[in-house]
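Summary of the model geometry
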Amino acid sequence: MTDKSLGRFYALAQEFWSQLPPQARFRPLEDARIFARHREAMKAWVDSLVQGFYDTLFAHPATRAVFREGERPAREKTLRDWYLRTVEGPFNGQYFAWQTLVGLVHVRRGVTNAMMAAMWNWVVETASRLAREHLPKEEAQALADAWRRLGFTVMALISESYLHAYLEALAQAEGMEVGAFLRRAQEEAARLLRSLSPG
Ligand code: HEM
């Protein structure tokens, strides 16, 4: 991936990031320090994390159906690279732009936001369990908290870019501006809610 192709996602990720209250999102200094303290320990968890991730997806018909015959080794490699880059750091604008792009890569294969959110939950839960098994109690809790904030933050970027991509595609098909399309979607939501309320 070139820096140029990331540029657009960089701006989008910045825009979505700025919507998240600082107390409620990943903390670039504090959380990055916690990740850095346990970098080597986390690198050693890569095999069990990647294996468990795909065992989980392949054990469930709806998620297994996304994959093509013989694709698993290639997918394991991309997840391995993703995990090692994540635990290596740094958590900079480029990292969050890349996560926004990764969200879209899934859209073209029919992976839903629901599946993405569930697997982020699985990653956070698994990293937290491994932390409890391998680290002193307080450090394990700090690392689990940092993973949770990372998971929610990245999922926020992914879900917004998913919506943005859909709106942009629809707006383009209708020859409209994205902003006008968004306003129309809000009006339609209000109308639908009114039609649901009694009386
Ligand atoms: C925590 C959630 C997830 C992470 C971090 C993740 C990570 C990644 C990464 C880094 C790539 C490579 C992107 C690229 O080519 O630049 C990828 C591709 C892919 N992932 Fe995921 N993934 C997640 C969830 C899922 C789920 C839930 C599914 C299916 C149910 C899935 C199926 C795929 C497929 C099919 C591709 C290949 C896409 C393509 O290039 O056509 N992933 N994933």
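The name an unreviewed UniProt entry assigns to the chain is Globin, from the organism Thermus tengchongensis.

1. Description of the site of the ligand
Close contacts around the ligand come from 20 residues, with Arg-75, His-106, Arg-108, Arg-109 and Met-116 the closest. Take Arg-109: an N or O atom from its side chain is 3.3 Å from an oxygen atom of the ligand. Taken together, the elements giving at least two residues each to the shell around the ligand come down to helix H4 (46-58), helix H6 (72-88), helix H7 (93-107) and helix H8 (113-134). Among the residues making up the shell around the ligand, the classes are represented as 13 nonpolar, 3 polar and 4 charged.

2. Examining the UniProt feature "domain: Globin-sensor" (unreviewed entry) in the chain
UniProt's entry tags residues 30-167 with the feature "domain: Globin-sensor" (unreviewed entry), counted in the numbering of this structure. Split by type, residues 30-167 is 83% helix and 0% strand. Its first and last C-alpha atoms lie 35 Å apart.

3. Structural notes on the packing of H4 against H6
Relative orientation of the contacting elements H4 and H6 amounts to 135°, with a least axis distance of 10 Å. Taken as axis vectors, H4 and H6 run oblique relative to one another. Seen from above, H4 lies across H6 with right-handed handedness. Residues Val-46, Asp-47, Leu-49, Val-50, Gln-51, Phe-53, Tyr-54, Asp-55 and Phe-58 of H4 pack against Arg-72, Arg-75, Glu-76, Leu-79, Arg-80, Tyr-83 and Leu-84 of H6. The residue inventory of the contact of H4 with H6, partitioned by class, reads 9 nonpolar, 1 polar and 6 charged.

4. Focus: the coordination of the iron atom of the ligand
A lone protein donor contacts the iron atom of the ligand, and this donor is His-106 (NE2), found at 2.0 Å. Position of His-106 relative to the elements: it lies in helix H7.

5. Side note on the side chain of Arg-25
By the element assignment, Arg-25 lies in the loop between helix H1 (3-17) and helix H2 (30-37). One buried charge, Arg-25, has no salt-bridge partner; the nearest side chain with opposite charge is Asp-31, at 9.1 Å. Here Trp-17 takes part through its backbone oxygen, which lies 3.2 Å from a polar atom of the side chain of Arg-25. If we ignore the near neighbours within four places in the chain, the residues touching Arg-25 are Trp-17, Ser-18, Leu-20, Arg-149 and Thr-153.

6. Some details on a nonpolar patch on the surface
Among the surface-exposed residues, Leu-192, Leu-193 and Leu-196 lie close enough to one another that they form a single nonpolar patch of about 340 Å² accessible area. Relative to the helices and strands, Leu-192 is located in helix H10 (residues 178-196).

7. Side note on the pattern of salt bridges
Counted under the stated rule, the structure contains 16 salt bridges. With a shortest N-O distance of 2.8 Å, Arg-109 and Glu-71 are connected by a salt bridge. Of this pair, Arg-109 sits in the loop between H7 and H8 while Glu-71 sits in the loop between helix H5 (61-64) and H6, and the two are 38 residues apart along the sequence. For Glu-71, a relative accessible area of 10% corresponds to the buried category.

8. What about the packing of aromatic side chains?
Any pair of aromatic rings gets described here by the distance separating the centres and the angle formed by the planes. Evaluation of the coordinates by the stated rule reveals 18 aromatic pairs. Here Trp-17 and Phe-96 contribute two aromatic rings whose centre-to-centre distance is 5.1 Å and whose plane-to-plane angle is 45°, an arrangement assigned as tilted. You can see Trp-17 sitting in helix H1 and its partner Phe-96 sitting in helix H7, a full 79 residues away along the chain. For the pair shown, Trp-17 and Phe-96 are each scored as buried. Taking the centre distance of 6.4 Å and the plane angle of 70° together, the rings of Phe-26 and Phe-35 count as edge-to-face.

Rules used throughout
- Residues numbered from 1 in each chain as written.
- Predicted model: local features only at pLDDT ≥ 70, side-chain atom pairs only at ≥ 80, totals over all residues.
- Heavy atoms only, no water.
- Near = heavy atom within 4 Å.
- Polar contact = N/O pair within 3.5 Å; in protein donor to acceptor, adjacent residues only side chain to side chain.
- Helix = DSSP H or I, 4+ residues; strand = E, 2+ residues; numbered from the N terminus.
- Nonpolar A, V, L, I, M, F, W, Y, C, P; charged D, E, K, R; others polar.
- UniProt positions renumbered as here; feature names shortened; annotations may be inferred.
- Axes fitted to C-alpha atoms, helices over the stretch in contact; angles between N-to-C directions.
- Parallel < 35°, antiparallel > 145°, perpendicular 65-115°, else oblique.
- Left-handed = near helix turned anticlockwise from the far one by under 90°.
- Contact = heavy atoms within 4.5 Å.
- Donors = N, O, S within 2.8 Å, 3.2 Å for Na, K, Ca; no water.
- Buried < 20%, exposed > 50% of the residue type's maximum accessible area, 1.4 Å probe, protein only.
- Lys, Arg positive; Asp, Glu negative; His and termini not counted.
- Salt bridge = Lys/Arg side-chain N within 4 Å of Asp/Glu carboxyl O.
- Patch = residues over 30% accessible without salt bridge, like charges linked within 9 Å, V, L, I, M, F, W, Y side chains within 5 Å.
- Areas by Shrake-Rupley, 256 points an atom, 1.4 Å probe, with all protein chains shown as cover.
- Phe/Tyr/Trp six-rings, centres within 6.5 Å; stacked < 30°, edge-to-face > 60°.

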